[in-house]
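Structural features, examined
The primary structure of each chain is shown beneath.
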Amino acid sequence: MPSAIAKRLIIGFGSESGNARALARQLAALPGLQSFGPQALPLNEVSLAGWDAQDVLVILSSSFGDGEPPANAEGFLASVQQAQALPGLRYALFGLGDTGYPQFCGFTKKLDGALQQRGAQPLLHRVDADAGYPAFFAQWAPVLQAVLQGQPHAGQDLKLQVKAYGEDNAYAARILECRQLNQGAPGAFHVRLASEGSGMHWRAGDTLHVLPENDPALLDAIAQWYGEPAAADLLRHKELRQISKTVLRELARASGHERLKTLLKFSQRKELEAYLWGADLLDVLQDFCTPAQLPLAELAELLSPRLPRAYSIASHGQAGHLDLCIRAVQHERQGRQRHGMATHWLRTAPTVRVYCRANPGFHLPADAQAPLLLIGTGTGIAPLMGLLREMQHSGQQRKTCLIFGEKRRACDFLYEDELTALHQQGQLSTLITAFSRDGQSKYYVQHAIADHALHIRQLLADGAHIYLCGNKAHLEDAIAQAINALDGAPQADAEADAQTLWQRLQAQGRLHQELY
């Protein structure tokens with residue numbers, strides 16, 4: 001039997017929002033660590049004086065703002081920096097950060113460097129966690145316990161470090177696979193991107209941001225309209241497809257075009273939305289302006305940088321690749337053939353620049369026994385596939401009902417083989433479909449909810465969480481009404497009576513929506 005390497009465990013936390021403090025207390029309460037007499041206290045209260053060789057310091061800390069120490073940890077950093085040497089100090093460090101900041105986990109990285117420069121010995125690799133920190137903590141805490149109990153090599157392969165990719169340093173992912181999932185038009189495609197070795201971390205339900213390139217044909221056409229070949233290079237990294245009201249207002253000011261001024265009125269918002277559907281910058285310029293009214297240099301200054309496009313991830317975090325489910329966008333306008341900017345790029349380019357962002361509101365519930373009601377239409381199946389694949393990978397067994405809606409079973413049943421297999425294996429308890437064009441009358445997912453009311457009502461009574469993904473305009477209200485129609489039981493008090501079932505599920509944190 002290995003013997004413990006420590007007698008006393010000090011757990012220091014640096015926390016602004018309370019997440020690191022909660023983790024420190026959770027760690028201190030673990031049964032396997034009680035023999036070390038764990039103490040959890042703010043880092044500023046941890047003294048470096050009189051440190052015993054049988055002591056171990058565990059640090060859990062966030063980084064405040066752009067890599068700054070939390071208020072209850074800055075004094076500890078100063079004391080480390082003032083120390084000449086700390087050769088007897090053994091420690092483990094768990095950092096929490098936000099990849100949206102350039103100095104991701106900046107404080108804990110700085111602290112780790114300062115400790116090692118003074119001879120302190122790390123027992124584990126430093127953790128750099130983002131919003132998905134609970135999953136990292138669940139992997140890290142048992143390994144820390146094993147190391148403390150005399151297995152020093154238990155953590156040598158554990159490297160939980162999110163790399164802070166973003167718009168300025170996106171990851172160039174190779175497209176491994178692109179296959180059409182349906183037989184009709186517009187096509188729905190399964191796209192797989194390489195991610196192994198990238199340092200990206202995600203969970204099912206998280207979001208992949210794609211940075212596609214502007215269409216060379218569109219850039220050339222704008223250059224021709226201006227009569228300036230330099231326009232293509234000048235606008236290459238500008239947003240040419242999602243035209244903001246700021247751009248439209250400036251264009252209306254410069255051109256004085258009465259129709260554009262009218263469209264920009266609040267009362268005409270639906271007409272403006274209809275005009276902009278499928279339009280690009282060249283359409284707007286041709287319809288409302290002349291090159292002389294808005295010179296190229298002024299236009300370039302006015303336009304924002306090219307915007308990323310966000311897609312729900314359809315694979316679990318240990319897959320070694322990233323899966324998406326996308327819908328092809330293709331139409332003709334004013335004699336020009338148009339393609340969806342990112343969807344076309346994902347289907348045709350060898351590589352695409354990407355980065356991940358956490359979406360904790362669409363993660364699986366912490367209660368591993370909680371049932372699930374998954375509702376998705378069209379490519380809204382993507383994050384639901386991710387959740388199912390994560391459960392399959394981790395061996396979770398939940399009551400899980402999936403309601404999937406599309407047009408026709410024969411040609412639009414996305415991921416049919418995989419879903420059928422999951423159902424037959426018992427990973428997916430109930431598989432319900434709603435194909436709107438197969439019958440004499442339209443049949444949608446809300447109708448399927450009504451037809452399976454008994455089963456769904458029981459799932460909700462058992463504590464089921466609802467995950468809903470699809471088109472916002474057509475789905476949210478219809479599903480809310482269908483769920484509310486299941487609520488036939490009187491409530492215990494007047495306040496509860498005033499809330500619909502949908503509102504109560506929302507208040508209880510059992511409603512998760514990803515609508516676009």
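Residues numbered from 1 in each chain as written. Predicted model: local features only at pLDDT ≥ 70, side-chain atom pairs only at ≥ 80, totals over all residues. Heavy atoms only, no water.

**Quick notes on the overall build of the chain**
Within the chain, the regular secondary structure consists of 20 helices and 19 strands. Seen along its three principal axes, the alpha-carbon backbone of the chain occupies a region of about 80 × 60 × 50 Å. By the burial criterion, 51% of the 516 residues in the chain qualify as buried. Within the chain, contacts between residues separated by at least 24 positions form 76% of all contacts whose residues are at least 6 apart in sequence. Just so you have it, the chain exposes about 24000 Å², and 49% of that area is on carbon and sulfur atoms. The centroid of the 47 positive side-chain charges in the chain is displaced by 1 Å from the centroid of its 51 negative side-chain charges. (Helix = DSSP H or I, 4+ residues; strand = E, 2+ residues; numbered from the N terminus. Buried < 20%, exposed > 50% of the residue type's maximum accessible area, 1.4 Å probe, protein only. Contact = heavy atoms within 4.5 Å. Areas by Shrake-Rupley, 256 points an atom, 1.4 Å probe, with all protein chains shown as cover. Lys, Arg positive; Asp, Glu negative; His and termini not counted. Charge placed at Lys NZ, Arg CZ, Asp CG, Glu CD.)

**Some thoughts on the sheet that holds strand E18 (residues 465-470)**
Strand order in this open sheet of five strands is E17-E16-E15-E18-E19, and the pairing throughout is parallel. Edge positions in the open sheet fall to strand E17 (430-435) and strand E19 (511-515), since each of these has one partner strand only. Across the sheet, the axes of successive neighbouring strands diverge by a mean angle of 10°, strand direction being ignored. The sheet contact formed by strand E15 (residues 372-377) and E18 spans five bridges and is parallel. Bridge assignment links Leu372 to a residue of E18, and that residue is His465. Across the sheet, helix H13 (residues 381-394) touches E15, strand E16 (400-406) and E18, and the angle it forms with E15 is around 145°. (Pairing = 2+ DSSP bridges. Axes fitted to C-alpha atoms, helices over the stretch in contact; angles between N-to-C directions.)

**Concerning the packing of helix H1 (residues 19-28) against helix H4 (residues 133-148)**
The interhelical angle for the contact between H1 and H4, taken along N-to-C directions, is 30°, at an axis separation of 12 Å. The pairing of H1 with H4 is recorded here as roughly parallel in orientation. The two elements H1 and H4 cross, and the hand of that crossing is right-handed. Counted together, Asn19, Leu23, Gln26 and Leu27 of H1 and Tyr133, Phe137, Trp140, Ala141 and Leu144 of H4 form the full contact between these two elements. Residues belonging to the contact of H1 with H4 are distributed by class as follows: seven nonpolar, two polar and no charged. (Parallel < 35°, antiparallel > 145°, perpendicular 65-115°, else oblique. Left-handed = near helix turned anticlockwise from the far one by under 90°. Nonpolar A, V, L, I, M, F, W, Y, C, P; charged D, E, K, R; others polar.)

**A short note on the domain arrangement of the chain**
It is common to give the size of an interface as the accessible area that goes away when the parts come together. You can read the domains of the chain as domain 1 (8-157), domain 2 (171-209 + 309-357), domain 3 (216-302) and domain 4 (372-515). Look at where the C-alpha atoms of domain 1 and domain 4 centre, and you get two points 41 Å apart. (Domains from an automatic or database assignment.)

**Description of the UniProt feature "domain: FAD-binding FR-type" (unreviewed entry) in the chain**
As recorded in UniProt, the feature "domain: FAD-binding FR-type" (unreviewed entry) lies at residues 168-367. The distance from the first to the last C-alpha atom of residues 168-367 is 37 Å, and the span holds 32% helix and 24% strand. (UniProt positions renumbered as here; feature names shortened; annotations may be inferred.)

**Notes on unusual backbone geometry**
In most cases, non-glycine residues show a negative phi, while peptide bonds are predominantly trans. A cis amide bond links Ala185 to the next residue, Pro186, at an omega of 0°. Its location among the elements puts Pro186 in the loop between strand E7 (171-180) and strand E8 (188-194). Its identity as a non-glycine residue notwithstanding, Gln334 has a phi of 50°, on the positive side. You can see Gln334 is positioned in the loop between strand E12 (330-333) and strand E13 (336-339). Even without glycine at this site, Tyr415 takes up a positive phi of about 60°. For Tyr415, the location among the structural elements is in the loop between helix H14 (409-412) and helix H15 (416-425). A residue is classified by how much of its surface remains accessible, and Tyr415, at 5% relative accessible area, is buried.

**Focus: the pattern of salt bridges**
As enumerated under the stated definition, the model contains 22 salt bridges in all. The partner of Asp55 in a salt bridge is Arg8, and the shortest N-O contact between them spans 2.8 Å. Remark: Arg8 occurs in strand E1 (residues 8-14) and Asp55 occurs in strand E3 (residues 55-62); sequence separation between them is 47 residues. Overall, Asp55 belongs to the buried group, its relative accessible area being 4%. Arg389 is paired through a salt bridge with Asp323; the nearest N and O atoms lie 3.4 Å apart. With Arg389 in helix H13 and Asp323 in strand E11 (residues 321-327), this pair connects stretches of sequence that are 66 residues apart. Residue Asp323 is classed as buried on the basis of its relative accessible area, which comes to 1%. Salt bridges sharing partners connect three or more residues here, namely Asp280, Asp283, Arg333, Arg336 and Arg338. (Salt bridge = Lys/Arg side-chain N within 4 Å of Asp/Glu carboxyl O.)

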